[in-house]
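# Working through the structure, step by step
Listed here are the chains, written in short residue letters.
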Amino acid sequence: MSDEVRNPLETNQTQTYLGPSVTITSSASGAVCAGTSVTFTATTYNFSGTTTYQWYKNSIAINGETSASYITSTLANADQIYVIASAVTSNSLNANITAGPSAVVTVSGDGCINKTTLSTPAGQSAYAWYKDDVAISNTNSTTYSPTTAGDYKVQVTNGSCATQSTATTISTCGVTADGKMLALTNAVSLLSTEGGANFGTAIDDLGRITNTTGLTTTVGTIDGSTAVLGGVISSTNGIASSVGVIYSTDLNFGTYSTATIQTNVAAGTYTSNISGLSSSTSYYAKSFIVNKAGTSYGAVISFTTPTVVPTKVAVTRASVGRTYGAIFTTQPQVTIQTASGSTVTNSSETVTASISSGGALIGTKSVNAVNGVATFTNLGLKGMNGTAYTITYTVSGLTTATESVTPTGSWSLGDTGPGGGKIFYVNTSGFACGPTLSETCYYLEVAPIGANTTKDWAVSANRTSSAGASGTVIGSGYQNTMAIINQGNSNSAAAYAQEYRGGSLSDWYLGTRLELYQIYVNRATIFTGTEVINTAFPGEYWTSTEAGASQAYSYRIYDNQGPWPNSKTSNSVRPIRSF
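These numbers were taken from a predicted model, which means no experiment stands behind them.

### Description of the overall build of the protein chain
Broken down by element type, the protein chain carries six helices and 48 strands. In the protein chain, which comprises 579 residues, the proportion classed as buried is 41%. For the protein chain, the proportion of contacts with a sequence separation of at least 24, taken over those separated by at least 6, is 56%.

Structure below.
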């Protein structure tokens, strides 16, 4: 028949001939282990209005179970479950429960850690031991020996079913004066005739709980990176071996720092100055005391370091060893500080050094602070021998710091210079030098023969374009060198000379023809013994002076030949420096 005919007939039949009914189903398929959670679900048919439910176990109504489902993990084998839904009784289901294996713990020993063995009967398929309801890894054994205090139990497994035992308490114990083990349950330490207890409560040799030493944690002055922490020890019944504090940004002290204030202490107040803290940070601290009864801690206190505002820089390590033209033997340290002089440990500001008129600094002049401290590594100075100059250390927006420096010593032709090379030119009147010819120098130094190399004067892309390196006079080689490098000539003769770091100095460069000519002029003083100029300087050497867009001058030092204009390809290179 058609749907138009069939649908009304089926609806009329349901409404007229079938009464309300209810059936239940179980989530368990076959037998389940004791303690397994099972869900029973009711399904109703042909009910009208709101359906009410009441679940029953073994014909007894289950208190509070009045919804369409019932969840339980306490079934016993053959328990009968059904539901009455709005006065209609469902079918019954019988529980099929498999009893788990027996789990019993036997204690061998005195119930103290490291003195007790726990055991359970063998014959099951697996074992797992628990401490304070947390499984202990790798414990598939019938025995376990506790090393820390707590509540222990065992879970035994047979097939797919497992059972847990009741808990057994294992205690931290102490040795009494007569050598017996005594559990410290409800007490923090043992009151012994050998040296006393710490603080709080203790157990005496007769097992009685008594109050003992008190320990208080204190906090004093707090700065952005420092704090005064300590403790107050009340009267003790035994000398403590040490007292101190621990502190951390972690309330649980997962990691912490320790400050031992004093050893061999008695009652009293003890404090320690803690440094190296971070500003705007919350810290937690607690004092400790150590004696023969062990280590105990006072109450946890908290404090927050204030926000640090840097206001100034200070020279906290002055330069030492101020030989003219050489780096300081002890490099300066400059610290970024608050108005009160505390180090701003979270600062990484750039500290820049400059020198007063007439002097010049060599080396790296700007250094980033680490944890608020800027440490220079290759700073030195040039200036008139015996004249005092002022080095100023600057951070943008902060008050500057200064130190007075006076160059010492002088150099002669043939001396080994500050950079490890030979002094080959001396001009007591001074000459213009430096990358912008704004400095005054008195000496020229040439790197040792080990610095010899061969390089192109310019990279291939720049061999037909001018670098603007036109200087020829003594002192202008540095300016030429920077012009060549700034054209884009990395891995060139000029770049190699400037990157040379003899004596940890960073002011080496490619010399002009007139600068290199002074090596030839003073060859008799520079080269002594078996060393001669033609072996020290074989062949032609690049100068830093351009002959044109596509050529630069080379010069044969050993016999004063040249200079010759050459294409900007390969020739020998030897770095020099002026100072």
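The rest of the description comes next.
### Describing helix α2 (residues 477-486)
Listing the buried residues of α2 in full gives G477, Y478, N480, T481 and I484. Within α2, the buried residues cover an arc of 160° as seen down the axis, which keeps them to one side. Buried positions along α2 lie against α3 (493-499), α4 (513-521) and β44 (541-548). Positive phi appears at G488, one or two residues downstream of α2, with a value of about 110°.

### Let's talk about the sheet that holds strand β15 (residues 143-144)
Strand order across the open sheet formed by three strands is β11-β12-β15, with antiparallel pairing between neighbours. Here the strands that pair on one side only, and so sit at the sheet edges, are β11 (106-109) and β15.

### Focus on unusual backbone geometry
Here G562 and P563 are connected by a cis peptide whose omega angle stands at 10°. As for its placement among the helices and strands, P563 is situated in strand β46 (residues 561-567). For N491, which is not a glycine, the phi torsion comes out positive at approximately 55°. One can find N491 in the loop between α2 and α3. Look at S504: it is not a glycine, yet its phi comes out positive at around 60°. The topology assignment puts S504 in the loop between α3 and α4.

### What to know about the pattern of salt bridges
Inspection of the entire model under this criterion finds nine salt bridges. Residue D132 pairs with K131 through a salt bridge whose shortest N-O separation is 2.9 Å. The residue D507 makes a salt bridge to R577 at a minimum N-O spacing of 2.9 Å. Taken together, the positions of D507 in the loop between α3 and α4 and R577 in strand β48 (residues 576-578) put the pair 70 residues apart, joining distant regions of the chain. In this structure, D507 and R577 share a single accessibility class: buried.

### Comments concerning the side chain of S279
If you trace the backbone, S279 turns up in the loop between β28 (268-274) and β29 (282-291). The class of S279 is buried, set by a relative accessible area of 11%. Side chain to side chain, S279 and N346 meet in a polar contact 3.5 Å long. Residues within four places of S279 in sequence aside, it is in contact with G224, T305, P306, V308 and N346.

### Observations regarding the state of the cysteines
By the definition in use, this model includes two disulfides. Disulfide pairing is shown between C433 and C441; the S-S distance is 2.0 Å. An S-S torsion of about 75° defines the bridge between C433 and C441 as right-handed. Taken as a pair, C433 and C441 share a single burial class, namely buried.

### Quick word on the nonpolar core
Residues F376, I391 and Y393 are the most contacted members of the largest nonpolar core, which totals 23 residues. Leaving out residues up to four positions away in the same chain, Y393 has contacts with V313, V315, P332, V334, V351, T352, A353, F376, L379, T400, A401 and E403. In this structure, Y425, Y509, F537 and Y555 belong to the second largest nonpolar core, which totals 22 residues.

### Section: the pairing of strand β33 (residues 333-337)
Burial analysis of β33 places four of its five residues in the buried class, the great majority of the element. When strand β32 (residues 312-317) meets β33, the two strands line up antiparallel, connected through five bridges. Within β33, the position partnered with A314 by the bridge is T335.

### A word on the sheet that holds β28
Pairing in this open sheet of three strands is antiparallel, and the strands run β24-β25-β28 from one edge to the other. At either margin of the open sheet sits one strand with a lone partner, and together these are β24 (215-222) and β28. Neighbour-to-neighbour, the strand axes of the sheet open up by a mean angle of 20°, direction not taken into account. In this sheet, β28 lies alongside strand β25 (residues 227-233) in antiparallel orientation, the contact comprising seven bridges.

Reading guide: rules and limits
- Residues numbered from 1 in each chain as written.
- Predicted model: local features only at pLDDT ≥ 70, side-chain atom pairs only at ≥ 80, totals over all residues.
- Heavy atoms only, no water.
- Helix = DSSP H or I, 4+ residues; strand = E, 2+ residues; numbered from the N terminus.
- Buried < 20%, exposed > 50% of the residue type's maximum accessible area, 1.4 Å probe, protein only.
- Contact = heavy atoms within 4.5 Å.
- Arc of directions from axis to C-beta.
- Pairing = 2+ DSSP bridges.
- Salt bridge = Lys/Arg side-chain N within 4 Å of Asp/Glu carboxyl O.
- Polar contact = N/O pair within 3.5 Å; in protein donor to acceptor, adjacent residues only side chain to side chain.
- Disulfide = S-S within 2.5 Å.
- Core = buried A, V, L, I, M, F, W, Y, C linked by side-chain atoms within 4.5 Å.
- Axes fitted to C-alpha atoms, helices over the stretch in contact; angles between N-to-C directions.

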